[in-house]
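A structural walkthrough
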Amino acid sequence: MISGAVRDALIARYSEPHRRYHAMAHIEDCLTQIRASTDLTADQRDLLETAIWFHDAIYDPTRNDNEAASAVLAREQLSADGADPAFVAEVERLILLTAGHSVGDGDALGARLVSIDLSILGSEPDRYDAYARAIREEYAHVPEPLYRAGRAAIMGRFLESPALYADPAWAERYEAQARANIAREIAELTA
């Protein structure tokens with residue numbers, strides 16, 4: 001659904017020097033998970049892949065509106081490429097879900113998207129630790145004490161949620177490991 005020129009522009013964005021985690025490797029990992037999802041229709045796959053390509057297109061760790069700005073960029077780029085307005089609206093809606101990673105009941109596509117986006121939390125400990133270091137590098141502008149307190153608070157909110165993964169298959173696969181990883185990181189941040 002994404003034209004070659006738009007894809008090239010997105011790859012350039014994901015290659016910006018300040019990105020450590022929110023880079024092409026994250027997008028490729030998410031796309032791999034979508035492609036491995038055999039329960040999706042072709043239309044669902046197109047929606048999810050397009051949303052993944054755009055969901056972190058704008059990423060500035062000093063701002064708190066990255067997802068909203070990325071959704072606007074998706075709307076502008078997809079509309080300019082002649083995409084169906086309903087498709088564009090759904091991609092935009094899916095991108096906005098990644099701001100809070102919360103979805104309504106019955107939103108299977110939203111559940112899949114946010115679960116894929118958060119799958120890194122349930123990775124093996126070494127990979128999780130590399131992710132946590134990459135996030136710290138993206139927030140290098142934040143003094144260490146503030147970063148540690150802020151990151152511990154954010155990750156603590158994840159632990160407080162009844163379920164990290166809205167998609168049942170991702171919950172079964174990643175929930176326990178994600179909770180162990182997050183608890184370990186919080187312990188390190190607050191030591």
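Summarised in this report is the structure supplied together with it. Sequence order as written defines the numbering, with residues in each chain counted from 1. Selection of residues for local features in this predicted model requires a pLDDT of at least 70, selection of side-chain atom pairs for listing and counting requires 80 or more, and totals for whole chains, interfaces and linings are taken over all residues. Side-chain metrics in this entry use all non-hydrogen atoms of the structure; hydrogen atoms and water are not considered.

So, about the packing of aromatic side chains. The relative placement of two aromatic rings is captured by the distance of their centres and the angle of their planes. The aromatic pairing rule takes the rings of Phe, Tyr and Trp, using the six-membered ring of Trp, and pairs them if the centres are within 6.5 Å, calling planes under 30 degrees apart stacked, those over 60 edge-to-face and the rest tilted. Summed over all chains, the structure comprises four aromatic pairs. Plain terms: the ring middles of tyrosine 165 and tyrosine 174 are 5.8 Å apart, the flat faces sit at 40 degrees to each other, and that makes the pair tilted. Each of the two residues, tyrosine 165 as well as tyrosine 174, counts as buried. Among the aromatic side chains, those forming a connected cluster through ring pairs are Tyr21, Tyr128 and Tyr131. In this analysis the charged atom, NZ for Lys or CZ for Arg, is taken to sit over a ring once it is within 6 Å of the ring centre and within 35 degrees of the ring normal. Just above the ring of tyrosine 147 sits the side chain of arginine 136; from NZ or CZ to the centre is 4.3 Å. Above the face of the tryptophan 170 ring, arginine 173 is positioned so that its terminal group lies 4.7 Å from the ring centre. Only protein chains enter the area calculation, which uses a 1.4 Å probe; residues under 20% of their type maximum are buried, those over 50% are exposed, and those in between are partly exposed.

The way it works is that DSSP assigns letters per residue, a run of H or I at least four long becomes a helix, a run of E at least two long becomes a strand, and they are numbered from the N terminus. With respect to the helices and strands, threonine 98 occurs in the loop between helix H5 (85-97) and helix H6 (108-117). Here isoleucine 95 takes part through its backbone oxygen, which lies 2.6 Å from a polar atom of the side chain of threonine 98. In this analysis, two residues are considered to be in contact whenever any of their non-hydrogen atoms come within 4.5 Å of each other. Each residue touching threonine 98, except ones within four places of it in the same chain, is listed here: His55, Glu67, Leu113, Val114 and Asp117. Polar contacts here mean pairs of N or O atoms no more than 3.5 Å apart (in protein, one a potential hydrogen donor and the other a potential acceptor; neighbouring residues in sequence count only if both atoms are side-chain atoms).

With that settled, the discussion passes to helix H3 (residues 42-55). Any helix carries an expected span of 1.5 Å times its number of residues minus one. The first and last C-alpha atoms of H3 sit 20 Å apart over 14 residues, in line with the 20 Å expected at 1.5 Å per residue. The complete set of buried residues in H3 reads Arg45, Leu47, Leu48, Glu49, Thr50, Ala51, Ile52, Trp53, Phe54 and His55. Residues of H3 that are buried in the fold lie against helix H1 (4-14), helix H2 (24-35), helix H4 (66-80), H5 and H6.

Okay, the pattern of salt bridges next. A pairing counts as a salt bridge when a side-chain nitrogen of Lys or Arg comes within 4 Å of a carboxyl oxygen of Asp or Glu. Overall, the coordinates contain 16 salt bridges when judged by the stated rule. The closest approach of N and O atoms between glutamate 137 and arginine 20, which form a salt bridge, is 3.1 Å. Of this pair, glutamate 137 sits in helix H7 (residues 125-138) while arginine 20 sits in the loop between H1 and H2, placing them 117 residues apart in sequence. Residue class for glutamate 137 comes out partly exposed when judged on its relative accessible area of 45%. Judged by relative accessible area, arginine 20 falls into the partly exposed class, the value being 44%. Salt-bridge contacts for glutamate 49 lead to arginine 35; the nearest nitrogen and oxygen are separated by 3.5 Å. With a gap of 14 residues between them, glutamate 49 in helix H3 and arginine 35 in helix H2 connect regions that are remote in the sequence. The exposure class assigned to glutamate 49 is buried, which follows from its relative accessible area of 18%. Connected through salt bridges with shared partners, the residues Asp39, Arg112 and Asp167 form a single ionic network.

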